[in-house]
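Secondary and tertiary structure notes
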Amino acid sequence: MSRSDPIFVVHPSSGVPIYRQLIDQVEALVAGGQLQPGDTVPSVRQVAAALGINMMTVSKAWSRLEADGLLQRDRGRGMVVAVSRETRSLADRKGQVRALVDQAVVRGLQLGLSPAQILAVVKSSLEEKSS
Amino acid sequence: MIDHALPGDAIAVTGLVKRFGSRTVLDSIDLRVPSGQVIGLLGLNGSGKSTLIKCLLGLLRTDAGSTLVLGTNAWELADREKSRIGYVPQEATLYPWLTIRQTVAYVSSFYPRWDRAWGEELLARWDLPPGQKTGVLSVGQKQKLALVLALGHRPDLLILDEPVASLDPVARRWFLEAVLETTADGAGTVLFSTHITSDLERVASHVAILREGHVVFHDEIDLLKDRVKRLRLEASADLPADLAVPGLLRAEVEGTRALLTVDGVTPALLADLRQRLHTNVFVDDLNLEEIFLELHSGTAAHPHTAR
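Thresholds, definitions, all that
Residues numbered from 1 in each chain as written. Chains lettered and ligands numbered in written order. Predicted model: local features only at pLDDT ≥ 70, side-chain atom pairs only at ≥ 80, totals over all residues. Helix = DSSP H or I, 4+ residues; strand = E, 2+ residues; numbered from the N terminus. Buried ≥ 20, exposed ≤ 12 C-beta atoms within 10 Å, placed from the backbone. Contact = placed C-beta atoms within 7 Å. Pairing = 2+ DSSP bridges. Axes fitted to C-alpha atoms, helices over the stretch in contact; angles between N-to-C directions. Parallel < 35°, antiparallel > 145°, perpendicular 65-115°, else oblique. Left-handed = near helix turned anticlockwise from the far one by under 90°. Nonpolar A, V, L, I, M, F, W, Y, C, P; charged D, E, K, R; others polar. Arc of directions from axis to C-beta. Domains from an automatic or database assignment. Core = buried A, V, L, I, M, F, W, Y, C linked by C-beta atoms within 7 Å. Expected span 1.5 Å × (residues − 1). pLDDT = per-residue confidence, 0-100.

1. A short note on the overall build of chain B
Helix and strand counts for chain B come out as 10 helices and 14 strands. Along the longest, intermediate and shortest principal axes, the C-alpha atoms of chain B span 75 × 40 × 40 Å. Buried residues in chain B amount to 40% of all 307 residues. A separation threshold of at least 6 residues defines the contact pool for chain B, and within that pool the share at least 24 residues apart is 68%.

Okay, here's the thing in structure tokens:
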């Protein structure tokens, strides 16, 4: 692993399977440029031990990412971010976030929050996470 | 479906039937667990979990079918195979007059492969004072000691019957770590029954759901979560009370809105619903506990309608 290691967070009791949570996070790190082509991702064993989850689950996520061409196996270095990958368009990245925001907005409205209150929640989350 | 046990199978059960008198407790169970897998056995009380575990250990004789454990008929397991199995029963049986140290020494003498350093480490990790008599231990401490006794010989197959029911959250996390360590080299197989779905989601790759003596689902947990979803329908006009949807587990229809739990959600199915019923469809992910409850809502064949 190089520089600052990417940090993954999983919620085992979410309805989203753990391997999908990992795939989403690697994709987001690559799309956002935190993981650059040629960067090593942590090994299956490292991720499983750090998160206290089954190795098969991590292995499955890494294999899917390899099959999708986002990661490739590099002899002696493990999994690295593939070089030949063109970065995703801004529209594509926005689309991904939009889908998640839609869910949050619907829940906010169901809970009786006003648009301004929902915006305030998003703002405070942004301030915390981007600082 | 399963014809033969493969050489790499820790457990291979085919057509297992177990009756108590006239009552059939397990009905044609098929269950294949390859070596190195962590599988959770999930079911309500009385669904047959403990009975299945006892059949696997050769503690109960089956009425039909084949039950192979580590390649041997479970009823004929010899010392050599038994020394490769670790078992934690629901309630640990200990000799109250022995200290923890004496208990470990006694039990370990039965296992040629007992790993002393590992046993000591587990005792220390779980704050079990070696000089304490087991008779005065709390329920949780007894369960921890039973785990040490089951893990100390680094078994190839670890079978646990509700192992964490009496452990506090901290001890549970330690226990799960120990389970993961057992399988870290890819060889150790673990089967544990539980009704704490969050533990299962973390450490198990597979789940078998028992319901009234039948295995109603057996596959990867991830696959189950990918398959079973809750659909929220919001239409402009009233929806029909009787929605024909393939794989429907449960339906609640109320005017223009409906909640459907469906096994086997595909983009084609969603497109069909949108077009056929002129409705918005939102898809919600379900976690294992929610799916388990939906599978047990008891109305699978006859979706009920809310007024």
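There's more to say after this.
2. Details of the pairing of strand β2 (residues 23-34) of chain B
Looking at chain direction, strand β1 (residues 9-20) of chain B and β2(B) are connected through 8 bridges and run antiparallel. Residue pairing across strands places Val13(B) opposite Leu31(B), the latter belonging to β2(B).

3. A word on the pairing of strand β11 (residues 228-235) of chain B
All names here are of chain B. Pairing of β11 with strand β13 (residues 257-263) involves 7 bridges; the strand directions are antiparallel. When the bridges of β13 are listed, Lys229 appears paired with Val262. Where β11 lies against strand β14 (residues 279-285), 7 bridges are found, and the strand directions are antiparallel. Looking across to β14, one finds that Ala235 is bridged to Thr279.

4. Considering unusual backbone geometry
Residue and element names in this part refer to chain B. The phi torsion at Ser28 lies on the positive side, around 40°, for a residue other than glycine. For Ser28, the position within the fold is in strand β2. You can call Ser28 partly exposed: it has 15 C-beta atoms within 10 Å.

5. As for the packing of helix α2 (residues 44-51) of chain A against helix α3 (residues 55-67) of chain A
Residue and element names in this part refer to chain A. Between α2 and α3, whose axes approach to 9 Å, the crossing angle comes to 130°. Between α2 and α3, the angle falls in the class oblique. Along this stretch, α2 crosses α3, giving a crossing that reads as right-handed. In this structure, α2 contributes Val44, Arg45, Val47 and Ala48 to the contact, and α3 contributes Met55, Val58, Ser59 and Trp62. Partitioning the contact of α2 with α3 into residue classes produces 6 nonpolar, 1 polar and 1 charged.

6. Some words on the interface of chain B and chain A
Every contact between the two is made by 17 residues of chain B and, on the other side, 13 residues of chain A. Elements supplying a minimum of two residues to the side of chain B that touches chain A: α6 (169-182), α7 (197-203), α8 (221-227) and β14 of chain B. Ranked by the residues each element gives to the side of chain B that touches chain A, the list is headed by α7(B), at 4 residues. A breakdown of the residues in the side of chain B that touches chain A according to their chemical character gives 6 nonpolar, 3 polar and 8 charged.

7. Some words on the sheet that holds β1(B)
Pairing between the strands of a sheet comes from backbone hydrogen bonds, and it takes one of two forms, parallel or antiparallel. All names here are of chain B. One open sheet holds the 4 strands; their spatial order is β2-β1-β4-β5, and the pairing between them is antiparallel. Two strands bound the open sheet, and with one partner strand each, they are β2 and β5 (72-73). Note that β1 and strand β4 (residues 64-69) share 5 bridges and pair antiparallel. Along β4, the bridge assignment pairs Ala12 with Leu68.

8. Regarding helix α10 (residues 288-295) of chain B
Where α10(B) is concerned, the buried positions are Leu288(B), Ile291(B), Phe292(B) and Leu295(B). One face of α10(B) carries all of its buried residues, which in axial projection span an arc of 100°.

9. Some points on the domain arrangement of chain B
All names here are of chain B. When cut into domains, chain B gives domain 1 (9-212) and domain 2 (228-295). Residue-level contacts link 6 residues of domain 1 with 4 residues of domain 2. Secondary structure elements with two or more residues in the side of domain 1 that touches domain 2: α7 and β9 (206-211). Ranked by the residues each element gives to the side of domain 1 that touches domain 2, the list is headed by α7, at 3 residues. Among the residues making up the side of domain 1 that touches domain 2, the classes are represented as 3 nonpolar, 1 polar and 2 charged.

10. Details of the nonpolar core
The biggest cluster of nonpolar side chains holds 98 residues, and the ones touching the most others in it are Ile11(B), Leu56(B), Ile159(B), Val207(B) and Ile209(B). The residues touching Leu56(B), leaving out its near neighbours within four places in the chain, are Ile11(B), Thr67(B), Val69(B), Ala74(B) and Ile159(B).

11. Regarding helix α4 (residues 90-110) of chain A
For an α-helix the count is 3.6 residues per turn, leaving residues at separations of three or four pointing the same way. Residue and element names in this part refer to chain A. With 21 residues, α4 ought to run about 30 Å at 1.5 Å a step, and its terminal C-alpha atoms sit 30 Å apart, in line with that. Judged by how many residues are buried, α4 sits mostly at the surface: 0 of 21 residues are covered. Note on α4: the residue one or two positions beyond its end, Gly112, has a positive phi of about 80°.

12. Quick notes on the confidence of the model for chain B
Residues and elements named next belong to chain B. When pLDDT is averaged across chain B, the result is 87; 94% of the residues are at 70 or more. The low-confidence segment residues 299-307, where pLDDT is below 50, has 11 contacts with residues more than four positions distant or belonging to other chains. This complex was scored by the predictor with a pTM of 0.77 and an ipTM of 0.70.

13. Quick word on the domain arrangement of chain A
Splitting chain A by domain gives domain 1 (18-81) and domain 2 (90-130). In this structure, domain 1 of chain A and domain 2 of chain A have C-alpha centres spaced 27 Å apart.

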